[in-house]
Amino acid sequence: MKKKENRSRDERLLNDPVEKVIPQMAIPTIISMLITSIYNMADTFFVSQIGTSASGAVGIIFSAMAMIQACSFMIGMGAGNNVSRILGSGHHELAKRFASTAWFTGFGFGCVIAILGQVYMRPLVMLLGSTETIAPYAMDYARYIFLAAPFMMCSLIMNNLLRLQGLAVYAMVGITTGGILNMVLDPIFIFGLGMGTAGAGLATGTSQVVSFCILLYMSNSRKETIHISLRNFRPSFRIYGDILYCGIPSLARQGVASVSTVVLNTIAGQYGDAAIAAMSIVSRYTMFINSVVVGFGQGFQPVCGFSFGAKKYARVKQAFWFCVKVATGVLLVLCLVSLVLSGNIVRVFRRDDAEVIAIGTFALRAQLCTMPLWGFYTMSNMFSQSIGYGVRATIISCARQGLFLVPVLLVLPRLFGLTGLQLSQPTSDVLSFILSVVLVTNILKELDRMSETDK
């Protein structure tokens, strides 16, 4: 029965029209990404009702969460992309070793983060760009985030493993349940129990534990999934090397994102808590829009990985261009609607703070103008990573929020003040798009040569 189910899934990923199978794979991941973005915005919304400094605290700790997510995605995406290609080539026992090695490694690493986070909380909060007025709120919020780190890491690892096996529906159940629970618990803990920002942290931590339990059940109770087992935890230098090679782009993307967030918060702090709060709101909202594109791209990844493993290079290219067209079209529509509503969007979060509204509205409008470029950029990143082009995938993943954004953040605000800060991300977007076009064009030519060789 198990072989029949696996064969059925493999056949769909390898033979069904990409216009059909990618949306099927993508719908659960889009839902998961949207729910995750919505509950991230819910944290920002509810905490913002406490005050501007409390709102800034969410932006500060978001960079710490990004670091935890960076490690999780490195392990989960690194193992998952290997599992995808291995399953495409028919070696199921090796896939089990990769999955279990990733899970137990992530849980152990999460425990280390939890301990260090509790011991060095205040210096860490200040290092992340907090001001003295924001620090107490940030520490209350961070306490529970760090405690939940092992569960957060394993949830993200299992999410990526399930998704890259072509089983995104199972991943969706765990992620969406935790996200909905977070939104329900936020007002209860923050206002009902009077816990303030600590309540938001506890709500997030609790939702992560619930997601962890559901995803572990989904991973180990379904016949068609690669089960997590201590018996299959047989790490080796080769397995870790393969995980790192495919996972480094995710670490780079998430890691530089957290570094750039720290730089942004530090520079924004020169213009007061209102600037930190405004840029945090803009970041959360643009992440919400981009979550649709990322979710769609995650539906593309198992098709890409399986097809590449089966040496169906023409199918890989076809799937890539289909996703670029769809993603760009969706972004154009969402950005146009958001441009019209931009002032009201920021006002929802901080209705009583005119300074936050003014700073956030201009920053949001500027960023919406370049967001359609994210379609090609995001798909290029996922494409190069899924087929094992680790070095080029890492360069692309670093570009938007590291290679270009950090230098831009260090230059533009000095030249143009607050306006320079608001224009930094759009400037980085344009430069990253150009770089991704150059790198992916070369990869596509290599696929053409590989197709000719295999004929």
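Scroll up to find the structure this text is about.
### Observations concerning the overall build of the protein
Here is step 1: Helices and strands together make up the secondary structure of the protein, namely 17 helices and 0 strands.
Here is step 2: Scaling as 2.2 N^0.38, a compact globule of 455 residues should have a C-alpha radius of gyration of about 23 Å, and the protein matches this with 21 Å.
Here is step 3: Projected onto the principal axes, the alpha-carbon positions of the protein cover approximately 65 × 45 × 35 Å.
Here is step 4: Relative to its 455 residues, the protein shows a buried fraction of 61%.
Here is step 5: Summed over its atoms, the accessible surface of the protein is roughly 17,100 Å², and 68% of this surface lies on carbon and sulfur atoms.
Here is step 6: Looking at the protein, you have 35 positive and 21 negative side-chain charges, and the mean spots of the two groups are 7 Å apart.

### Observations regarding the packing of aromatic side chains
Any pair of aromatic rings gets described here by the distance separating the centres and the angle formed by the planes.
Here is step 1: Taken as a whole and judged by the stated rule, the model has 16 aromatic pairs.
Here is step 2: With a centroid separation of 6.1 Å and 40 degrees between ring planes, the pair formed by Tyr285 and Phe288 is classed as tilted. Of the two residues, Tyr285 and Phe288 are both situated in helix H11 (residues 273–309); the distance of 3 residues between them amounts to about one turn of the helix.
Here is step 3: With a relative accessible area of 23%, Phe288 lands in the partly exposed category.
Here is step 4: Through a chain of ring-to-ring contacts, the aromatic side chains of Trp103, Phe104, Phe107, Phe151, Phe212 and Phe233 assemble into a single cluster.

### As for the packing of helix H12 (residues 313–349) against helix H14 (residues 374–386)
Here is step 1: Axis separation between H12 and H14 bottoms out at 8 Å; the angle between their running directions is 150 degrees. The pairing of H12 with H14 is recorded here as roughly antiparallel in orientation. For the crossing formed where H12 meets H14, the hand is right-handed. Residues Val316, Phe320, Trp321, Cys323, Val324, Ala327, Thr328 and Leu331 of H12 lie in contact with H14, whose contacting residues are Trp374, Gly375, Phe376, Met379, Ser380 and Phe383.
Here is step 2: A class-by-class count of the residues in the contact of H12 with H14 yields 11 nonpolar, 3 polar and no charged.

### Section: helix H13 (residues 354–370)
Here is step 1: Across its 17 residues, H13 extends 25 Å between first and last C-alpha, which sits within 8% of the 24 Å expected from 1.5 Å per residue.
Here is step 2: Along H13, the residues that are buried comprise Val356, Ile357, Ile359, Gly360, Thr361, Ala363, Leu364, Ala366, Gln367, Leu368 and Thr370.

### Structural notes on a nonpolar patch on the surface
Here is step 1: On the surface, Val112, Ile115, Leu116, Val119 and Tyr120 cluster together to form a nonpolar patch covering roughly 500 Å² of accessible area.
Here is step 2: Here Val112 is to be found in helix H4 (residues 92–119).
Here is step 3: Overall, the relative accessible area of 42% leaves Val112 in the partly exposed class.

### Some remarks on the pattern of salt bridges
Here is step 1: Applying the stated criterion across every chain, the model contains 6 salt bridges.
Here is step 2: With a shortest N-O distance of 2.9 Å, Arg122 and Glu132 are connected by a salt bridge. Residue Arg122 is found in helix H5 (residues 121–127), and its partner Glu132 is found in the loop between H5 and helix H6 (135–147); the two are separated by 10 residues along the sequence.
Here is step 3: We classify Arg122 as partly exposed; its relative accessible area is 37%.

What counts, and where the lines are drawn
Residues numbered from 1 in each chain as written. Predicted model: local features only at pLDDT ≥ 70, side-chain atom pairs only at ≥ 80, totals over all residues. Heavy atoms only, no water. Helix = DSSP H or I, 4+ residues; strand = E, 2+ residues; numbered from the N terminus. Rg over C-alpha atoms; globule rule 2.2 N^0.38 Å. Buried < 20%, exposed > 50% of the residue type's maximum accessible area, 1.4 Å probe, protein only. Areas by Shrake-Rupley, 256 points an atom, 1.4 Å probe, with all protein chains shown as cover. Lys, Arg positive; Asp, Glu negative; His and termini not counted. Charge placed at Lys NZ, Arg CZ, Asp CG, Glu CD. Phe/Tyr/Trp six-rings, centres within 6.5 Å; stacked < 30°, edge-to-face > 60°. Axes fitted to C-alpha atoms, helices over the stretch in contact; angles between N-to-C directions. Parallel < 35°, antiparallel > 145°, perpendicular 65-115°, else oblique. Left-handed = near helix turned anticlockwise from the far one by under 90°. Contact = heavy atoms within 4.5 Å. Nonpolar A, V, L, I, M, F, W, Y, C, P; charged D, E, K, R; others polar. Expected span 1.5 Å × (residues − 1). Patch = residues over 30% accessible without salt bridge, like charges linked within 9 Å, V, L, I, M, F, W, Y side chains within 5 Å. Salt bridge = Lys/Arg side-chain N within 4 Å of Asp/Glu carboxyl O.

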